[in-house]
Amino acid sequence: MSEFTIHHHVSELITLLGVRSSDPIGEEVYTEKLLKSRTPYVTTQVSSSQAKKKIAESSNTPIEFLAKYDELKGKNVRDLDPLVYLLSKLCEEKETKQFLSKNAHEKAEQEGMTLMPHSKVTGQLPTAGTKMTEEELSEIKDILLKQAKVVENPSSDFLTKVMRDKQITRKVNIPQQPDWLFKRPYLTLDFMTIGDSTANENIVALGTMPTHYQEQAVLDDLLLLMRGIDGKYVIPRPLAESYAPREFLIDQSLDASVQELVKRILPLCSNYSTVVMFIKEKSSFEYGLVNHALSQAMETLIKDYLVLVAQLEQQMKLGQLTLQKLCFYLQPTMRILEILASIANSINRGKCIGGAVLSLLHEKTASMIGDGKSSELCLYLTQTACVPYMEIVEKWIYRGIILDPYSEFLVEENQTINKEKLQEDYNDAYWEKHYSVFQERIPVFLEQVADKILNTGKYLNVVRQCGRDVKCPFAEELVYTVKERRYYDQIERAYSYASRLLLTLLLEEKELMARLKSIKHYFLLDKGDFIVQFMDMTEVEMNLNIDDILPSRLESLLELALRTSTANVDTFKDDLRVDLLPFDLTTQLLQILAIDSKTEKEYRRDPTEIHLSGIESFSFDYVVKWPMSLVLSRKALTRYQILFRHLFYCKHVERQLCNVWIGNKQTKLYTISRSHCYSSAFALRQRMLNFIQNFEYYMMFEVIEPNWHTFQQNMSKVSNVDDVLALHGDFLDSCLKDCMLTSTELLRIVHKLQVVCILFSNYLQRVSQTITVESEMERLRDSSLQSSKSNRERKEDFQMKKTAAKIVSEHIDKVLADASFEEAILGFDKDFSRLLLELLDKIMDENNKTYEHKLFNIIYRLDFNGFYTEKLEAMSAERALKDHSFISESSAHSSASSGSLPTSFTTQHPEGARYVPGQYKGRKGSVPGSEK
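Figured I'd write up the structure that's included with this text. Within any chain, residue numbers begin from 1 and follow the written order of that chain's sequence. Confidence filtering applies because this is a predicted model: local features only for residues at pLDDT of at least 70, side-chain atom pairs given and counted only at 80 or more, and all residues used for totals across whole chains, interfaces and linings. Each side-chain value is derived from all of the structure's non-hydrogen atoms; neither hydrogens nor water enter the calculation.

A short note on the overall build of the protein
Right, on to step 1. Counting its secondary structure elements, the protein contains 36 helices and six strands.
Right, on to step 2. The buried label goes to any residue with under 20% of its type's maximum accessible area, the exposed label to any with over 50%, and the partly exposed label to all in between, with areas taken from a 1.4 Å probe on protein chains only. Every one of the 932 residues in the protein was classed for burial, and the buried ones make up 42%.
Right, on to step 3. Here a residue-residue contact requires only that any non-hydrogen atoms of the pair lie within 4.5 Å. Within the protein, contacts between residues at least 6 apart in sequence are counted, and of these 76% link residues at least 24 apart.
Right, on to step 4. Surface accessibility in these figures is a Shrake-Rupley result with a 1.4 Å probe; residues are shielded only by whichever protein chains are displayed. Accessible surface computed for the protein: about 51,900 Å², of which carbon and sulfur atoms make up 54%. For the purposes of this entry, the term helix denotes a DSSP run of H or I that reaches at least four residues, the term strand denotes a run of E that reaches at least two, and both are numbered from the N terminus.

Below, the structure written as structure tokens:
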């Protein structure tokens, strides 16, 4: 059972018990304890018997419990003994029993239901014709209404169980049988009881005959009954139900001693009837190859049995057979037919097919170990029934082919999921669901290797779909034995060969690692010169609206950037494509993270309402062919795209800030009287640039590169494709998590910081646009006329430049003197400072919750000199003060109080106040900075 399944069951149990709100621990802790403390349960007859006895002793209805247990055991219900063992352990826990009883009564009272059994409810009803008063009638009405409510409002678990237990229709093509097979009822070895069996008037009652003649007459009847033919004095009765034991009518005038001997032999005839009826029924196509093989084995034994009956008839004709001798001769045969009938009844009751039949036979064989002859018989039946099943297993683990015409094999193929969808659907369902294990079809003796059987065939199937003929050099016939070690070793060798074959195909022939490195070059910005060159070439297109961009032009520019950079040496560069997505990164991630949550609808937006630029919608895509699409499925490529879009947008923000820096360099050529206003913009730009560059460095060199190095090391040790898929998934998940792309709160803050940086860059570039235009005109004029001018003209030009510089300086002073400029810069400063402190505080809080300190690296880089620590300490002191006032003052005052994060770097904080991450959190309604 996987960790996810255990977590789901624990969560469901907490919900059913109604303790979710009062439980301080949570399902994660319980799941972790269960995973650490679980041990495999080994079923033995002794442990099952003791557990059953313990439950019966503590039950109010032990007889009903034992009867239900025997009924389920006869149907070969899986996991019955482990469940009974668990219930027996619960019987020892008095506190648990009291809690469950109290919880059940509380829920029943809340729902207006009753926990009284149906039998007791119906037992309270008066007999027909009884006179009742109105009060008695009202009481009975209330009881029946409560009971009806229990039936009419079944729990979700009850409905789930009903749907799970609903018989699944098997996907089989059953050949049509000829009509004459059903029109000829006498084509059977069983008794024919058509209509009422009336006694022949010419038959003389046995009581009128001497004892010797009675014995001879009954002996003749018994030999007929042993072959399924009606006798004269002993007559079979019609069956009350399909699989009921056959009963017989005996002439009551028969001598008592002879009658007792007859009764000893009649169970043999009843078991014979059960077995031949089973053989006839299970030989039909719809019951599968395993039942066909078992029926054939039983038919072989029945043939030997009929030979014995013929020999007994010969003895009777020679006058050498008596009832005593007949009983003696039939003793071994009675035991054989008893076992055969028991197996037939168990299969019929459980409606077993395929692996379920083999499980039942295996348990029967194991239970007969103390009886040599019976054990040998059961082993013969099990081995014979296993032959067709093992042949299917052999074809699967040696060639990767499923030849299962009657849907009996433990591996089921889902033909609706094909490999072409790996590049379309956002999941890797092909590898997980195209071939899956069907639990009900797993024989007990193959349960431990079921996953290896599944994976072995899957590996070979992938190789076959690549056009290769698979021939396993270790192919041997699988034969059932009580000791499972033999075929376990055969399956292990086949698994090792298949996993090695597919790994060789992927890693060597298809060059998996080289292709993953190629994807890393582009999606994770490993090729620096390529991405810079590509962004330079596509700068104009990226600023356009998504509807105005021509994908073909982007493809051409991508091709040019690939050919003119170091990426030109990459063998797989031609598989890179451009993609324009209809949503930005933040919307996409918030939708993914909010799936199945209450906030999912909040992030659902109509794509037509979103006006995206090229930079917001752009992403790379990659062409992957089979079998590489197993590893690089659409799900994996989507995660690569998310990482790329995050890194690409950060790179875009850095370029915008660098453009501001270039514009700032131009202002140094002019004399500005109010330079202190522009200096604050310079300082803010530098802080933004410092943040975005350190953030990029952290993602590239402290997240992606270490994870990639670990991934490469682990890939050198893999033994199968499942390990490759797991390692690749872990690499991508680690990168997404450490790049803060899996936390909605961190993602929001980072996105807001990027937006502030972009808005600031756009604002300053608009302000400095005049300076840039003027300087470019002067530069072009100088470059074109410098050589043709005289000294006098040069002096005049110099004087004009000086005048122009003075005019530009006055223009800049006028801009800076405007109060809106200073207010805008101050507003950007406050927003950036607030968000950055909020980010650092949230990172500290996340690390304290998860005890994972990877994100501390970004704090060390952004706060290398402790500059922000002082502000965080001030925030902590302010929260402590608010928390104290919240507790001491009235609720009205607490609702009116509000706080805000420090908005500038001149905030003072009390002496001795130290920042403790996550210790003081703003309460609902007074979240710091909520007014923002």
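Topic: the packing of helix 12 (residues 256-282) against helix 15 (residues 331-350)
Right, on to step 1. Between helix 12 and helix 15, whose axes approach to 8 Å, the crossing angle comes to 45°. Here helix 15 runs oblique to helix 12, going by the angle between their axes. The two elements helix 12 and helix 15 meet at a crossing, and its hand is left-handed. Taking contact as the criterion, the partners of Arg264, Ile265, Leu268, Asn271, Tyr272, Thr274, Val275, Phe278, Glu281 and Lys282 in helix 12 are, on helix 15, Thr333, Met334, Leu337, Glu338, Leu340, Ala341, Ala344, Asn345, Ile347 and Asn348.
Right, on to step 2. For this classification, Asp, Glu, Lys and Arg are treated as charged, while Ala, Val, Leu, Ile, Met, Phe, Trp, Tyr, Cys and Pro are nonpolar and the rest, including Gly, are polar. Considering only residue class, the contact of helix 12 with helix 15 consists of 11 nonpolar, five polar and four charged. Each axis is a line fitted through C-alpha atoms, taken for helices only over the stretch in contact, and angles between the N-to-C directions span 0 to 180 degrees. Convention used here: angles under 35 degrees read as roughly parallel, angles over 145 as roughly antiparallel, angles from 65 to 115 as roughly perpendicular, and any remaining angle as oblique. Left-handed describes a crossing whose near helix is turned anticlockwise from the far helix through less than a right angle; right-handed describes the clockwise counterpart.

Here we look at the pairing of strand 6 (residues 618-622)
In regular strands, side chains alternate between the two faces of the sheet.
Right, on to step 1. Burial of strand 6 is extensive: five of the five residues sit out of reach of the surface.
Right, on to step 2. Pairing between strands is defined by DSSP: at least two bridges between them are needed. Pairing of strand 5 (residues 576-580) with strand 6 involves five bridges; the strand directions are antiparallel. Paired with Leu576 across the strands is Tyr622, a residue of strand 6.

Some thoughts on a positive patch on the surface
Right, on to step 1. Taken together, the side chains of Lys395, Arg399, Arg464 and Lys471 make up a positively charged region of the molecular surface.
Right, on to step 2. Within the fold, Lys471 resides in the loop between helix 19 (450-465) and helix 20 (485-509). Two distance rules govern patches: like charges are joined within 9 Å, and nonpolar side chains (Val, Leu, Ile, Met, Phe, Trp, Tyr) within 5 Å, applied only to residues with over 30% relative accessible area and no salt bridge. In what follows, salt bridge is the name for a side-chain nitrogen of Lys or Arg lying within 4 Å of a carboxyl oxygen of Asp or Glu. Working convention for charge: Lys and Arg count positive, Asp and Glu count negative, and His plus the chain ends are omitted. Taken as the charge centre is NZ of Lys, CZ of Arg, CG of Asp or CD of Glu, depending on the residue.

A few points about the environment of Thr566
Right, on to step 1. Residue position: Thr566 is located in the loop between helix 24 (551-563) and strand 5.
Right, on to step 2. Expressed as a C-alpha distance, the spacing of Thr566 and Gly528, which sit 38 residues apart in the sequence, is 9.1 Å.

Section: the nonpolar core
Right, on to step 1. Only buried residues count toward a nonpolar core. Its members are Ala, Val, Leu, Ile, Met, Phe, Trp, Tyr and Cys residues joined through side-chain atoms within 4.5 Å. With 209 residues, the main nonpolar core has Leu294, Leu326, Phe530, Phe620 and Leu839 as its most contacted residues.
Right, on to step 2. No other element matches helix 28 (residues 675-715), which puts 17 residues into this core.
Right, on to step 3. Apart from residues lying up to four places away in sequence, Leu839 is in contact with Phe691, Met740, Leu746, Ile749, Val750 and Leu753.
Right, on to step 4. Ala56, Phe65, Tyr69 and Val84 belong to the second largest nonpolar core, which has seven residues in total.

Some thoughts on the packing of aromatic side chains
Right, on to step 1. What counts as a ring pair is set by centres within 6.5 Å for rings of Phe, Tyr and Trp (its six-membered ring), and what kind of pair is set by the plane angle: stacked under 30 degrees, edge-to-face over 60, tilted for all other angles. Evaluation of the coordinates by the stated rule reveals 32 aromatic pairs.
Right, on to step 2. When the ring of Phe523 is compared with that of Tyr622, the centres are 6.4 Å apart and the planes differ by 65°; the resulting orientation is edge-to-face. Of this pair, Phe523 sits in helix 21 (residues 512-523) while Tyr622 sits in strand 6, and the two are 99 residues apart along the sequence. Comparing Phe523 with Tyr622 shows no difference in burial state: the two are buried.
Right, on to step 3. What links up through ring pairs into an aromatic cluster is the set Tyr522, Phe523, Phe530, Phe534, Phe618, Phe620, Tyr622, Tyr640, Phe644 and Phe648.

Notes on a nonpolar patch on the surface
Right, on to step 1. A cluster of nonpolar side chains, namely Leu83, Leu86, Leu87 and Leu90, defines an oily patch on the protein surface of about 320 Å² accessible area.
Right, on to step 2. If you trace the backbone, Leu87 turns up in helix 5 (residues 80-92).
Right, on to step 3. Classification of Leu87 by relative accessible area gives partly exposed; the value is 36%.

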